Structure formats: structure tokens, C-alpha cells
Amino acid sequence: MSAASHGAAAGVVLGLVAVLLAQQLAYLDLTSLTAAIEYLVIGAVIGGLLGTVIGWALGKRYLRLHPPNV
Amino acid sequence: MRRRYPPRRLVVFAAAVALALMLGMPTATGAASATTPQRSGPSDSSRPASTQSEVSASEVTWNGVDTSAASSVSSAFTVTFNQAVNVAFAWNPNSTPGVTEARLAMLYFGFAVSTRDVSPIQGSGPSSSAAMNWTVGAIQYVVEGVFGLTASLLASNGTTLWSENFFVRLAAPFSILAALPLILILLGVYELYALLRSGRQSVLGRSKPPVDASPPPSGSAPGTGSSSTAPESGTSPPGGNS
């Protein structure tokens, strides 16, 4: 599992958590099923994209700081 | 074999994020309650709306306030922990005939997570009414936040004769002591920690191939006879150790 895919997986979960937590903090209305699924999909996509970018950048940084012994 | 690194900075960062979330919750609560009108006065709460005057159309009151005032999330009624709310249905039997049951359902993801029915209907003249003492119930230990409620008048065969949607905001003790937000915060902190340490995954696919890429030592000389004795000797193959 690469750093980017690892970051994407964490980002998707974070996006879902952010949407559900926003409803619990009274910022979002998840009464309707269609609207709730839309919010969750948008959160998962945005979180996955951001997680991919962050994971890729962190992987690059880690390899630069800790070069593997070939 | 996974390496262990001291995750001190990441743990401190995760703790800071959790602290910021916990501090942000009372702020959000205050913002929501600031926009919510104070409607929880106990003085007019036990009075059904139908006793005041003749009802021209169907209506529901929430502690004496018409629920049409809470038709959006920003104007939702606030329900504190363990608070009981007097909900009164009122309708005109001439315009809405055949009502046998009044129902209040709380929706989450389109599904009714809490439903209360009241069957005895008082009055049969120009106005009829039904009242219930509504509480959130055991679900208040699990969830909080904004929820949509549907108040409906039903016929004897289950047909919805009239309904109205409005919003309430359930509050947990200290704005956090419900199960779902606590689980979500813990899960978010863990996933944030997993995201921040995802850079270490990049080294996993690169350190193993040089070790496993060594060619078999005896495969190139099949006729020498050494291939049958080398695996049984128990010694490590040449080049196998780094």
C-alpha cells in the first residue's frame, strides 16, 4: 500500500466523519436520505482527493528525509 | 517487520485537534441557540391550541408555538437533555375529516428513528385536538444535532391526511456527551493520525526488493552435483544476508 493510497483511505473516512460530525454539531441537516447521501459522497470524494495529495506529499518528504538503503 | 517510530509529535497534534473540536462545540451550540428563538416557556405549554378558538386549518404547536416557525434548520426548536415538550395537534373536522390518530416522527437519513402516536382524539365540534408529552427518549444518549420532525394526522386506514415538517435541535449534556459524536471524534483523531503517518508507507515497497532479488545459487549449474547437497547443508545461501 503506497503512501498516496494510504492517505486516500484515511481521507475518505475523514470526509465521512466530517459530514456526520457537522450534523451532530447542528451545521448540517441529514433528514432526507437523498441529501444525506449527497453530502456523504461529496465529503468522501473531497476527503479522498485531499488525502491522496497529502499522502503523496508526505511520502515524498519521508523518502527525502529517510532514503532507503539500496 | 514494521518499524516503530516515536509518534510524540503526531500524538500531540492529534490531542490538539481533539481539544480544538471539544472547544469548538460549545461555540457551535451558542451560535445555534443564538439564532433560535426562546420558545420553551412552560406557562402556555399545556394548553392545546384548539381550546383558544375555532381552528380554520390543521396546525401543530410545540410548547404553544406554531411549528411553522421552525421550518428551517436555523430556526429549529431547541430541546435540552431530558426535556419534555407538549405537542398539541389541532384541526377542523370539516376541512380534515376522519382523523383517528396523530403522529410525530423524528427522521434521520430519511428513516423514522423515533415515532410517537396519540390515538384518543378530543373534541368533535368545529375544532378537534390531540396532545402528547413528547420526549426524545433513549436516543438522546446516542445522537444530538439537528433533526427533522414530521407531524401528521392519520386516518383509520393509515392514510396521511395532513402533515407538516419542522426541525428541532437536540442538545446533549455539555454539548458532547452523546455516543455518536464521541465515537466520531475518536475516529477522526485516529484517521488524522493515520493520514499524517501515511508517508512511512512509501518506504515499504522499496526496501524489500533488493533483499529478495538475489538469484538462486545452484540453479545455474545443474550438472555439477552440488545442487542436491547445498539445500540440505543448512547453511545460508550466498548473498542472502545483507
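All of the points below concern the structure found in this document. These numbers were taken from a predicted model, which means no experiment stands behind them. (Residues numbered from 1 in each chain as written. Chains lettered and ligands numbered in written order. Predicted model: local features only at pLDDT ≥ 70, side-chain atom pairs only at ≥ 80, totals over all residues.)

**Things to note about the overall build of chain A**
Within chain A, the regular secondary structure consists of 2 helices and 0 strands. Expressed as a percentage of the 70 residues in chain A, the buried residues total 51%. (Helix = DSSP H or I, 4+ residues; strand = E, 2+ residues; numbered from the N terminus. Buried ≥ 20, exposed ≤ 12 C-beta atoms within 10 Å, placed from the backbone.)

**Describing unusual backbone geometry**
Phi is positive for A:Ala26, which is not a glycine, with a value near 70 degrees. Turning to its location among the elements, A:Ala26 is positioned in the loop between helix H1 (3–24) and helix H2 (33–65). Its identity as a non-glycine residue notwithstanding, B:Asn63 has a phi of 55 degrees, on the positive side. Along the chain, B:Asn63 falls in the loop between strand E1 (59–62) and strand E2 (65–66).

**Considerations on the interface of chain A and chain B**
In this assembly, 34 residues from chain A lie in contact with 34 residues from chain B. The set of elements that each furnish at least two residues to the side of chain A that touches chain B consists of H1 and H2 of chain A. Here the residues of the side of chain A that touches chain B sort into 20 nonpolar, 12 polar and 2 charged. (Contact = placed C-beta atoms within 7 Å. Nonpolar A, V, L, I, M, F, W, Y, C, P; charged D, E, K, R; others polar.)

**Overview of the sheet that holds strand E7 (residues 128–134) of chain B**
Residues and elements named next belong to chain B. Reading across the sheet, the 4 strands line up as E2-E1-E4-E7 and stay open at both edges, with antiparallel pairing between neighbours. The open sheet terminates on both sides in strands that have one partner only, identified here as E2 and E7. The pairing of E1 with E2 spans 2 bridges and is classified as antiparallel. Note on E2: the bridge partner recorded for tryptophan 62 is valine 65. (Pairing = 2+ DSSP bridges.)

**Brief notes about the sheet that holds strand E9 (residues 160–170) of chain B**
Residues and elements named next belong to chain B. Spatial strand order, E3-E9-E8-E5-E6: 5 strands in an open sheet with mixed pairing. Of all strands in the sheet, those with a lone pairing partner are strand E3 (77–79) and strand E6 (111–118), marking the two edges. For this sheet, the mean inter-axis angle between neighbouring strands, taken without regard to orientation, is 30 degrees. (Axes fitted to C-alpha atoms, helices over the stretch in contact; angles between N-to-C directions.)

**Regarding the nonpolar core**
By size, the foremost hydrophobic cluster in this structure holds 58 residues, and its most contacted members are B:Phe89, B:Phe147 and B:Val168. Examining the composition of this core, we find that 13 residues originate from one element, H1(A), more than from any other. (Core = buried A, V, L, I, M, F, W, Y, C linked by C-beta atoms within 7 Å.)

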